[in-house]
Amino acid sequence: MDCRTAGNEIKTDLPQLILVGNPNVGKSSIFGALTGKYVTVSNYPGTTVEVSQGNVTLNKRKYLVIDTPGANSLVPMSEDEQVTRDILIEADKATVVQVADSKNLRRGLVVSTQLAEFEMPFILVLNMADEARSRGIRINTSGLQKALGVHVVSTTATQRQGIDRLMSGISQAVLSSHRIKFDRLIEESTSEIEALLTGIEKGKRGIALTVLSGDDSFTPWLHDHLPEQTIKEIEAIRSRTQEKYTQPLGYVINLRRLRAVDRLVRSLQTTEKTLLRRARKRSRLRRVHPLISLPIFAAALYGLSMLTAMNPLFALLSIPLLLFSLYMFGDWGTHQVYGIPILIGVLYLTWLFVGDFGAGAAVNFLQDTVFGKYINPGASWLIARVLPWNIAKELLIGQYGIITMAMTYAIAIVLPIVGTFFIAFGMLEDSGYLPRLAVMVDKIFKAMGLNGKAVLPMVLGLGCGTMATLTARILDTKRERVIVTLLLALGVPCSAQLGVILGIFGSTGAPFAAMAIWMGVVFGVIFLVGYLAGKLMPGEKTDFIMEVPPTRLPQITNIAIKTFARMTWYLKEAVPLFIIGTLVLFFSDKLKLLSLIEKAAAPAVQGLLGLPAKATEAFIISFLRRDYGVAGLYQMSKAGQLDTVQIIVGIVTITLFVPCLPNFLVIIKERGIKTAIAIILFIIPFSFLVGGALNWILRGLRIFS
């Protein structure tokens, strides 16, 4: 197998543990529990599908753990499922750990039956056992073990319950003895194809059923492993069999499989009505009606804002209140009426923690005390005495110095802001609120002619625009993927940029009014551009189906692991770009290019936007790193070089400005060079026109005068 993770080839000399399962069943939690680290982003060769790896030692034997993309079937309907299937059939010395949702046994057993057909030794993990129990669902695990012929383990990965049994049970992974019996014609055709697979050692039944299902993605694999004549004979068998059915063979096979799985589920799964009634009663007690709870929630927000105004350290209290509100409100978060004030409250709590504590107390301590009193003066004293060359001194501790600018921006200003945002974002993820947010805004996206799935990459764009552009592949048509890519590049701030934006509003005289204007303009622009793009680009709308997980109380340990991994990513990936950006500014300044660019951009930056000429640096550097550009505006606002109108105009323009360099490169890879250039040529003048119009309106209305 040739699979690369984080730039490294997966080592084939180690025995492999391959995690397989449906989407949203907790595979990443199992991966983290096994390897001790959070899932890191990587790509399977030749695709943009993410695959992750890690190591675990069990019984003094080291394994390579591979976390595959979520798959509902090994007869793939998407690139994610194809990658999972390809990893399985090409793996050597592999043991499969199949993770299933205990609440949805039917969906998991579909994959189990296919693993049995491909003759993969596996162990079945029934995860989210606590949620199944809370719904009164009971699964006869011993009966399931007997039916499948494999070891079955129940876990609650988020609480590490059952992980020890899983680790000890991996050595008990065996080939499943379970086989689904199809009708006579399909069984005969399957046997004929199996007889032709003479050079293949395992999984002949799975391969035969995949071919009969008409899976075109399997054709390259067949050509790599079989002679052309054999492939022609196999295709003749498939065509002959298809002629005897009025429906596609893939549909017939899948329908028989589902019926067999349903019979198995009915025999093994029961729902205890007493437990179900208790669960519903607990749910009713927990989810107080918003008409009662919202006033109390609003009063708590007001009291917390008063305390935070006295001391930004009180903003830390927003964390337990955010956890409590996300859990208590539950499904009310998707309500068309009550969901809006709940969303406003969640955003406000996030702003308190990120804006007041992260961008306030934490930034002030690091910038003014740690860097201002110790690191920068100490570095200046040492370098002035060690280095005799002025150019070297300026490169390290000058106006555009690596220490005084790059490291100060990256560590003292941006790091505490993105760190606090990562914590808040992790809570939104683990609580199950993000899918509810997607459901609530689904109608808005439908008005733009998009598949409702577009909500997912747009929400993910708040984490990282580059990765969100990759996930646009989940959309069904090229038209939808291009529109979403345009909107992500245009107006969705990544987590790092958003964190700094929330921080910079705290330095204005009217933070909430400024933030409301920014949000209104950006959302309005996204909707307008999306609506027009949906009207101008031809194509049909497609349906949106998404499973909404139950609300959960986020686990502090999971949040800590996620935040640590994301902070590590930031330090490894982002800080070097800050240094590169500073070097660009340094050499541009020395070569007088910066002054030339400032003069060339003066009519737009100073005249149209009403910003100081120095703000040009922020726009230049934002192409390398979007949060670095906002950090430049943040620094100018702290120095008193920007008034409230300039802050709003600058943030709106830079939010709508060009995507960062990594995202631009991914757009080229995903959509092609012509589409990428067209997007950039549209975004640059459009963002300045929007910023100029906003500047003219705010100055004319004198809102902040």
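Along every chain, residues carry numbers that run from 1 in the direction the sequence is written. Predicted model: local features are reported for residues with pLDDT of at least 70 only, side-chain atom pairs are reported and counted for 80 or more only, and whole-chain, interface and lining totals are derived from all residues. Derived side-chain values reflect all non-hydrogen atoms in the structure, with water molecules and hydrogen atoms excluded from consideration.

Brief notes about the overall build of the chain
Phase 1 of the analysis: By the criteria applied, helices consist of DSSP H or I runs no shorter than four residues and strands consist of E runs no shorter than two, each listed in order from the N terminus. Each helix and strand counted, the chain has 31 helices and 10 strands in total.
Phase 2 of the analysis: Expressed as a percentage of the 705 residues in the chain, the buried residues total 54%.
Phase 3 of the analysis: Within the chain, counting contacts between residues at least 6 apart in sequence, those at least 24 apart form 77% of the total.
Phase 4 of the analysis: Surface accessibility in these figures is a Shrake-Rupley result with a 1.4 Å probe; residues are shielded only by whichever protein chains are displayed. Of the roughly 30,900 Å² of accessible surface on the chain, 61% is carried by carbon and sulfur atoms. Residue burial is assigned from relative accessible area. The probe radius is 1.4 Å, only protein chains are included, and a residue is buried under 20% of its type maximum, exposed over 50%, and partly exposed in between. Any two residues whose heavy atoms approach within 4.5 Å at even a single point are treated as in contact.

Regarding the pattern of salt bridges
Phase 1 of the analysis: Each salt bridge in this description consists of a side-chain nitrogen of Lys or Arg and a carboxyl oxygen of Asp or Glu lying within 4 Å of one another. Counted by the stated rule, this structure contains 13 salt bridges.
Phase 2 of the analysis: With its nearest N and O atoms 2.9 Å apart, the salt bridge here joins Glu187 to Arg205. Taken as a pair, Glu187 in helix H7 (residues 184-196) and Arg205 in helix H8 (residues 204-212) lie far apart in primary sequence, 18 residues in all. In this structure, Glu187 and Arg205 share a single accessibility class: buried.
Phase 3 of the analysis: With a closest N to O distance of 2.2 Å, Lys590 and Glu394 form a salt bridge. On the criterion of sequence distance, the pair formed by Lys590 in helix H25 (residues 556-590) and Glu394 in helix H16 (residues 390-397) is long-range, its members being 196 residues apart.
Phase 4 of the analysis: A single network of salt bridges, built from pairs that share partners, joins Arg85, Asp86 and Asp215.

Concerning the environment of Asn104
Phase 1 of the analysis: Secondary-structure assignment places Asn104 in the loop between strand E6 (94-101) and helix H3 (105-117).
Phase 2 of the analysis: The class of Asn104 is partly exposed, set by a relative accessible area of 25%.
Phase 3 of the analysis: C-alpha separation for the pair Asn104 and Ala132, spaced 28 residues apart in sequence, amounts to 8.7 Å.

Comments concerning the packing of aromatic side chains
Phase 1 of the analysis: Stacked, tilted and edge-to-face are the three classes assigned to paired rings of Phe, Tyr and Trp, where Trp is represented by its six-membered ring and a pair needs centres within 6.5 Å; plane angles under 30 degrees give stacked, over 60 edge-to-face, the rest tilted. Scanning all chains against the criterion turns up eight aromatic pairs.
Phase 2 of the analysis: Measuring from centroid to centroid gives 5.0 Å for Phe218 and Trp221, while their planes differ by 20°, and the two rings are stacked. Across the pair, Trp221 and Phe218 agree in class, each one buried.
Phase 3 of the analysis: Between Phe619 and Phe688, the aromatic rings sit 5.4 Å apart at their centres with planes inclined by 40°, giving tilted as the arrangement. Linking Phe619 in helix H27 (residues 615-622) with Phe688 in helix H31 (residues 673-701), this pair joins segments that are 69 residues apart in sequence.
Phase 4 of the analysis: A relative accessible area of 5% means that Phe619 is categorised as buried.
Phase 5 of the analysis: According to the relative accessible area criterion, Phe688 is buried, its value standing at 12%.
Phase 6 of the analysis: Connected via pairs of aromatic rings, a cluster forms that spans Phe619, Phe657 and Phe688.

Section: the pairing of strand E7 (residues 122-127)
Phase 1 of the analysis: Most of E7 sits out of view: six of its six residues are buried.
Phase 2 of the analysis: Covered by surrounding structure in E7 are Phe122, Leu124 and Leu126 together with Ile123, Val125 and Asn127, the residues of both alternating faces.
Phase 3 of the analysis: Here, a strand pair is defined by DSSP locating no fewer than two bridges between the strands. With six bridges connecting them, E6 and E7 associate as parallel partners. Bridging across to E7, Ala100 finds its partner in Leu126.
Phase 4 of the analysis: For the segment spanning E6, H3 and E7, crossover handedness is right-handed.
Phase 5 of the analysis: Alignment of E7 against strand E9 (residues 152-154), held across three bridges, turns out to be parallel. Paired with Val125 across the strands is Val153, a residue of E9. Seen with its strands pointing away from the viewer, a crossover is right-handed when the path leading from the first strand over the helix to the second is clockwise.

A look at the sheet that holds E7
Phase 1 of the analysis: A sheet is described by the order of its strands in space; here six strands give the open sequence E4-E5-E3-E6-E7-E9, paired in mixed fashion. Looking along the sheet, the strands with just one partner apiece sit at the ends: strand E4 (52-58) and E9. Averaged over all pairs of adjacent strands, the angle between strand axes in this sheet comes to 25°, irrespective of strand direction.
Phase 2 of the analysis: Sheet analysis places E4 next to strand E5 (residues 61-67), joined by seven bridges and oriented antiparallel. Each bridged residue has a counterpart across the sheet, and for Val56 the counterpart in E5 is Tyr63.
Phase 3 of the analysis: Between the N-to-C directions of two axes lies an angle of 0 to 180 degrees, each axis being a line fitted to C-alpha atoms and, for a helix, fitted only over the stretch in contact. Relative to the sheet, H3 contacts strand E3 (16-21), E6 and E7, its axis offset from that of E6 by approximately 160°.

Thoughts on the side chain of Ser189
Phase 1 of the analysis: Looking at the secondary structure, you find Ser189 in helix H7.
Phase 2 of the analysis: Ignoring sequence-local partners within four residues, the contact set of Ser189 consists of Leu212, Ile237 and Thr241.

Some details on the confidence of the model for the chain
Phase 1 of the analysis: On average, residues of the chain score 79 in pLDDT, and 84% of them reach the 70 mark or higher.
Phase 2 of the analysis: pLDDT is defined as a per-residue confidence score from the predictor, taking values between 0 and 100. Considering each helix and strand of the chain separately, the mean pLDDT is smallest for strand E1 (residues 4-5), with a value of 34, and largest for E7, with 92.
Phase 3 of the analysis: Note that residues 1-11 has pLDDT below 50 and, in this model, 31 contacts with residues that lie over four places away or in other chains.
Phase 4 of the analysis: The low-confidence segment residues 38-48 (pLDDT under 50) makes 45 contacts with residues lying over four places distant or belonging to another chain.

Points about the environment of Pro23
Phase 1 of the analysis: Structurally, Pro23 can be placed in the loop between E3 and helix H1 (27-35).
Phase 2 of the analysis: Assessed through its relative accessible area of 28%, Pro23 is described here as partly exposed.
Phase 3 of the analysis: The contacts of Pro23, once residues within four sequence positions are left out, are Gly70, Ala71, Asn72 and Arg107.

Description of helix H29 (residues 644-656)
Phase 1 of the analysis: Across its 13 residues, H29 extends 19 Å between first and last C-alpha, which sits within 8% of the 18 Å expected from 1.5 Å per residue.
Phase 2 of the analysis: Counted residue by residue, H29 has 13 buried out of 13 residues, so it is predominantly covered.
Phase 3 of the analysis: For H29, the capping residue at the N-terminal end is Asp643, with a side-chain oxygen 3.2 Å from the backbone nitrogen of Val645. Expected helix span is taken as 1.5 Å per residue step, with the number of steps being one fewer than the number of residues. Here a polar contact is recorded for every N or O atom pair within 3.5 Å, except that within protein the pair must consist of a potential hydrogen donor and a potential acceptor, and residues adjacent in sequence are included only if both atoms are side-chain atoms.

Structural notes on a nonpolar patch on the surface
Phase 1 of the analysis: Every patch collects residues that have over 30% relative accessible area and no salt bridge, joining them within 9 Å if they carry like charges and within 5 Å if they are nonpolar side chains (Val, Leu, Ile, Met, Phe, Trp, Tyr). Taken together, Ile444, Phe527, Leu528, Tyr531, Leu532 and Leu536 make up a surface patch of nonpolar side chains, about 580 Å² in accessible area.
Phase 2 of the analysis: Here the nonpolar patch gets five residues from one element, more than from any other, and that element is helix H24 (residues 511-536).
Phase 3 of the analysis: In this fold, Ile444 is placed in helix H19 (residues 442-447).

Regarding unusual backbone geometry
Phase 1 of the analysis: Here Glu119, not a glycine, exhibits a phi torsion of approximately 55°, which is positive.
Phase 2 of the analysis: Here Glu119 is to be found in the loop between H3 and E7.
Phase 3 of the analysis: You can call Glu119 partly exposed: its relative accessible area is 27%.
Phase 4 of the analysis: For Met128, which is not glycine, the phi dihedral falls at a positive 60°.
Phase 5 of the analysis: Within the fold, Met128 resides in the loop between E7 and helix H4 (129-134).
Phase 6 of the analysis: The class of Met128 is buried, set by a relative accessible area of 9%.

With respect to the packing of helix H14 (residues 318-329) against helix H15 (residues 339-386)
Phase 1 of the analysis: Direction vectors running N to C along H14 and H15 enclose 160°, while the axes themselves pass 9 Å from each other. Taken together, the axis directions place H14 and H15 in an arrangement best described as roughly antiparallel. Two packed elements cross with a definite hand, and for H14 against H15 that hand is left-handed. Counting all contacts with H14, which are made through Ser318, Ile319, Leu321, Leu322, Ser325, Leu326 and Phe329, the residues of H15 involved are Ile342, Val346, Leu349, Thr350, Leu352 and Phe353.
Phase 2 of the analysis: Residue composition of the contact of H14 with H15, by class: 10 nonpolar, three polar and no charged. Angle categories are assigned with fixed cut-offs, so that under 35 degrees is roughly parallel, over 145 is roughly antiparallel, 65 to 115 is roughly perpendicular, and the rest are oblique. Handedness of a helix crossing follows the sense of rotation of the near helix relative to the far helix, less than a right angle counterclockwise being left-handed and clockwise being right-handed. Classification convention: Asp, Glu, Lys, Arg as charged; Ala, Val, Leu, Ile, Met, Phe, Trp, Tyr, Cys, Pro as nonpolar; all other residues, Gly among them, as polar.

Considerations on helix H5 (residues 141-148)
Phase 1 of the analysis: For H5, the set of buried residues is Gly143, Leu144 and Leu148. On an axial view of H5, the arc spanned by its buried residues comes to 120°, and they lie on one face.
Phase 2 of the analysis: On the buried face of H5, the contacting elements are H3, E7, strand E8 (137-139), E9 and helix H11 (249-268).
Phase 3 of the analysis: One or two steps after H5, the chain reaches Gly149, where phi turns positive at roughly 75°. Note that the arc is defined by the directions from the helix axis to the C-beta atoms.

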